[in-house]
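Report on the structure
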Amino acid sequence: MRLAWITDPHFDHAKLETWRRWADDLIAFAPHALVTTGDISEGDDVAYQLRCLVETFDRPIYFVLGNHDFYGKSIAETRRLMIDLARDYDHLHYLTDSGPVFLTADSVLLGDDGWGDASEGDYLNSTVRLSDFELIQDFRADAPETWRTILQREGLDSSKRLQQKLVALPAEVRHVLIATHVPPFREACWYEGHITDDNWAPFFVCGHVGAALRQAADENPDRFFTVLCGHTHHEGDAIILPNLIVHTGYSRYGTLDVESIINLGSDGFRLPPAW
Ligand SMILES: [Fe+2]
Ligand SMILES: [Fe+2]
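Computed from a predicted model, the values in this text were never measured in an experiment.

The next subject is helix H8 (residues 207-219). For H8, with 13 residues, the first-to-last C-alpha span of 18 Å sits near the 18 Å given by 1.5 Å per residue. Residues of H8 that are buried: Gly 207, His 208, Val 209, Gly 210, Ala 212, Leu 213, Ala 216 and Ala 217.

Okay, here's the thing in structure tokens:
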């Protein structure tokens, strides 16, 4: 089982020539499936880019959405459109709307979008103003005083959906691969080799998802949890518990990469750099 992992491709920033070269490389790696951890593009272009991927890459494509993918619409409407789109194609799977996918007899892939949920850092004194607040309908339509509640709600909803999938896993599952956009722990929120400060943390950590993952790992010490995320565009690994590790992926606007061709050994998922 070999899985190609990409994060934050922001395809709308890549030239067609770059996309073609990247797609050729991806196919040459001959992975069994592709996992995408969000910020595929923005607005209507997200569906277009996913269609291009589906038509180019004839293997299962598993994705979650990042904050940029919601630009131009409401969170709920974007999710509805993505659920409909995934139903149009046999090999396109929106993990937020899907149950665990068995990769082997004892390993599964599951996921959820996640959201920077104001659970870490200093929200009230933060100077960060993401474009999300201008470009996502939920925030645009509401006064800034309500934004914190919306962020918390999104984080909590994500964690509840994930928790449902995690608690229902059959006993034989030993390895769980989790795809999400936002780093679920402050320790996994990398920026230039350091972890986030209090100014950025409210928007770059999904603490509710982190709590659900920590609980699952605590309650199942013989099960290994490997998390893939992005959002910060800066790479790093964080060992949260002996059986819970988070990989945060690299990205740069205008370039396209494959983070890793993930394989599964007896000791769990291995993530060698793809290049
Ligand atoms: Fe991004
Ligand atoms: Fe993002």
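On to unusual backbone geometry, then. One non-glycine residue, Ala 30, adopts positive backbone phi at about 50 degrees. Considering the arrangement of structural elements, one finds Ala 30 in the loop between helix H1 (16-29) and strand E2 (33-37). The exposure class of Ala 30 is exposed, given the 10 C-beta atoms found within 10 Å. Of note, Ala 118 is a non-glycine position whose phi angle comes to about 60 degrees, a positive value. Classification of Ala 118 by C-beta neighbours within 10 Å gives buried; the count is 25.

An order of E4-E3-E2-E1-E13-E14 is seen for the six strands of this open sheet, with the pairing classed as mixed. Because the sheet does not close on itself, it has two edges, and the strands there are strand E4 (92-94) and strand E14 (268-270). Strand-to-strand twist across the sheet, computed as the mean angle between neighbouring axes with direction ignored, equals 25 degrees. Here E2 pairs with strand E3 (residues 61-64) via four bridges, running parallel.

Among the nonpolar cores identified, the biggest contains 69 residues, and Val 35, Tyr 62, Ile 178, Leu 213 and Phe 225 are the most heavily contacted of them. Setting aside residues up to four positions removed in sequence, Phe 225 forms contacts with Val 176, Ile 178, Leu 213, Ala 216, Ala 217, Asn 243 and Leu 244.

One open sheet holds the six strands; their spatial order is E5-E6-E7-E10-E12-E11, and the pairing between them is mixed. Only two strands of the sheet have a single partner each, and these edge strands are strand E5 (101-104) and strand E11 (236-241). Here the strands of the sheet are splayed against their neighbours by 20 degrees on average, with no regard to which way each runs. By the bridge criterion, five bridges tie strand E7 (residues 175-179) to strand E10 (residues 224-229) in an arrangement that is parallel. Across the sheet, residue His 175 finds its bridge partner in E10, namely Phe 224.

A word on the environment of Gly 236. With respect to the helices and strands, Gly 236 occurs in strand E11. Excluding residues that lie within four positions of it along the chain, Gly 236 makes contacts with Trp 190 and Thr 248.

This brings us to the UniProt feature "domain: Calcineurin-like phosphoesterase" (unreviewed entry) in the protein. Here, the residues flagged by UniProt with the feature "domain: Calcineurin-like phosphoesterase" (unreviewed entry) are residues 1-234. Secondary structure content for residues 1-234 is 37% helix and 18% strand, and the end C-alpha separation is 27 Å.

Within strand E1 (residues 2-6), four of the five residues are buried, which leaves the element mostly enclosed by the surrounding structure. Where E1 meets strand E13 (residues 260-265), four bridges bridge the pair, whose relative direction is antiparallel. Residue pairing in the sheet places Leu 3 in a bridge with Ile 262 of E13. Sheet analysis places E1 next to E2, joined by four bridges and oriented parallel. Pairing of Ile 6 across the sheet is with Thr 36, part of E2. Read as a crossover between parallel neighbours, the route from E1 over H1 to E2 is right-handed.

Where helix H6 (residues 147-167) contacts H8, the two axes come as close as 7 Å, and the packing angle between them is 20 degrees. As the angle between them shows, H6 and H8 are arranged roughly parallel. You can see that H6 and H8 cross each other, and the crossing is right-handed. Within the contact between the two elements, H6 uses Gly 155, Leu 156, Ser 158, Ser 159, Leu 162, Gln 163 and Leu 166 and H8 uses Gly 207, His 208, Val 209, Ala 211, Ala 212 and Ala 216. Of the residues that constitute the contact of H6 with H8, the class distribution is seven nonpolar, six polar and no charged.

So, on to the environment of Pro 273. Among the structural elements, Pro 273 can be located in the segment after E14. Residue class for Pro 273 comes out exposed when judged on the 11 C-beta atoms lying within 10 Å of it. When the C-alpha atoms of Pro 273 and Ser 260 are compared, they prove to be 4.8 Å apart, with 13 residues separating the residues in sequence.

Procedures and definitions
- Residues numbered from 1 in each chain as written.
- Chains lettered and ligands numbered in written order.
- Predicted model: local features only at pLDDT ≥ 70, side-chain atom pairs only at ≥ 80, totals over all residues.
- Helix = DSSP H or I, 4+ residues; strand = E, 2+ residues; numbered from the N terminus.
- Expected span 1.5 Å × (residues − 1).
- Buried ≥ 20, exposed ≤ 12 C-beta atoms within 10 Å, placed from the backbone.
- Pairing = 2+ DSSP bridges.
- Axes fitted to C-alpha atoms, helices over the stretch in contact; angles between N-to-C directions.
- Core = buried A, V, L, I, M, F, W, Y, C linked by C-beta atoms within 7 Å.
- Contact = placed C-beta atoms within 7 Å.
- UniProt positions renumbered as here; feature names shortened; annotations may be inferred.
- Right-handed = clockwise from strand over helix to strand, strands pointing away.
- Parallel < 35°, antiparallel > 145°, perpendicular 65-115°, else oblique.
- Left-handed = near helix turned anticlockwise from the far one by under 90°.
- Nonpolar A, V, L, I, M, F, W, Y, C, P; charged D, E, K, R; others polar.

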